[in-house]
Amino acid sequence: ETGVTQTPRHLVMGMTNKKSLKCEQHLGHNAMYWYKQSAKKPLELMFVYNFKEQTENNSVPSRFSPECPNSSHLFLHLHTLQPEDSALYLCASSQERSTGGRINSGNTIYFGEGSWLTVV
Amino acid sequence: GQQLNQSPQSMFIQEGEDVSMNCTSSSIFNTWLWYKQEPGEGPVLLIALYKAGELTSNGRLTAQFGITRKDSFLNISASIPSDVGIYFCAGQGGSEKLVFGKGTKLTVNP
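Residues numbered from 1 in each chain as written. Chains lettered and ligands numbered in written order. Predicted model: local features only at pLDDT ≥ 70, side-chain atom pairs only at ≥ 80, totals over all residues. Heavy atoms only, no water.

## A word on the state of the cysteines
All names here are of chain A. The full count for this structure, using the stated rule, is two disulfides over all chains. Across the disulfide, Cys-23 is cross-linked to Cys-91 (sulfur-sulfur distance 1.9 Å). Between Cys-23 and Cys-91, the S-S dihedral sits near -75°, and the bridge is therefore left-handed. Placement of the pair is Cys-23 in strand S3 (residues 18–25) and Cys-91 in strand S9 (residues 87–94), with a sequence separation of 68 residues. A residue is classified by how much of its surface remains accessible, and Cys-23, at 0% relative accessible area, is buried. (Disulfide = S-S within 2.5 Å. Helix = DSSP H or I, 4+ residues; strand = E, 2+ residues; numbered from the N terminus. Buried < 20%, exposed > 50% of the residue type's maximum accessible area, 1.4 Å probe, protein only.)

## Looking at the environment of Leu106(B)
Residues and elements named next belong to chain B. Looking at the element boundaries, Leu-106 is found in strand S11 (residues 104–109). Under the relative-accessibility criterion, Leu-106 is labelled buried at 2%. Considered as a pair, Leu-106 and Val-19 are 87 residues apart in the sequence and their alpha carbons are 8.9 Å apart.

## Here's the deal with the sheet that holds strand S1 (residues 4–7) of chain A
Residue and element names in this part refer to chain A. Taken together, four strands build an open sheet; the order of strands is S1-S3-S8-S7 and the sheet is antiparallel. Each of the sheet's edge strands pairs with one partner strand only, and the pair in question is S1 and strand S7 (64–70). For this sheet, the mean angle separating the axes of adjacent strands, direction not counted, is 20°. In this structure, S3 lies alongside strand S8 (residues 73–79), joined through seven bridges in antiparallel fashion. Within the sheet, the bridge partner assigned to Ser-20 lies in S8 and is His-77. (Pairing = 2+ DSSP bridges. Axes fitted to C-alpha atoms, helices over the stretch in contact; angles between N-to-C directions.)

## Describing the pairing of S3(A)
Remark: a regular strand shows side chains that alternate across the two faces of the sheet. Bridge analysis of S1(A) against S3(A) gives four bridges, and the strand direction is antiparallel. Residue Thr5(A) lies in a different strand from S3(A), and its bridge partner there is Glu24(A).

## A word on the sheet that holds strand S8 (residues 71–76) of chain B
All names here are of chain B. Here we have five strands laid out as an open sheet, ordered S1-S3-S8-S7-S6, and antiparallel in their pairing. Strands at the two margins of the open sheet, each flanked by one partner only, are strand S1 (4–7) and strand S6 (55–58). Taken over all neighbouring pairs, the strand axes of this sheet differ in orientation by 15° on average, direction set aside. Relative to strand S7 (residues 61–65), S6 runs antiparallel, the two sharing four bridges. Bridging from a neighbouring strand, Asn-58 pairs with Leu-61 of S7.

Next up, the structure:
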C-alpha cells in the first residue's frame, strides 16, 4: 500500500467510448502526476498538477483530458482513444513540485498501482 | 534533454547470487531514485539518493549516487525469488523533469 489508489485497475474500452481513470492519494501531498507506461518504453510523463493547478502538459493529445478537483484527487478523462493508447496509466504524487519542475530533496514521488487500459 | 542509460536490460540469476545494475546519464543529476515494479503493479520506491557519493541501504539492497553525479548503481545481495521484477532508475538535475531508465528485468531461478 503506497498511499496512492487508482481505479479501475483494468479497463477495456472501444474507440468511441468515454471513460475516466481515477486517482486518490492519502499522503497529504500537493503535487499529482499522470504517467503512461507502454511496453519497452521509459515511463512517459503526461500531466503534472501542483496545488490543483496544471503545471505541465507534455504534448499529450486532447483525447486525454485531466482534471484535478483538489490536491487529493486526480482524474484522466478518456475520449475517442486509439488502440495505440493501450498502456498502463500510472498516477503518482509528491509533497510539492516547484513551477520550474524541480524536485526538492525529500520530495520523492510515489506511484499508484496503475490502471491497465486496453482500447479495442 | 537529459537521457538515462540503464543496464543491463535483463538478468537471469540463481537464487542466492548477488545482482548489480546501473544507470548513467548524459548530464549531472541532483537526485537518483530506484524503483521496483512487479507484474501488474505500479513502481514502488526502493531507495532515494540526494547527494553525490551517498551510499544507502534498504535491507539487502544498496544504492550509490556516483561521485561524478552522472551515474548510480543498485546492488541486491543474496537474491531470493521474490526479488523478480523490473527495476527502474530515475534521475533529475537542475530544473529538468524527472527522467526514467528503461528498466532492468530481473529473473531469479530457485
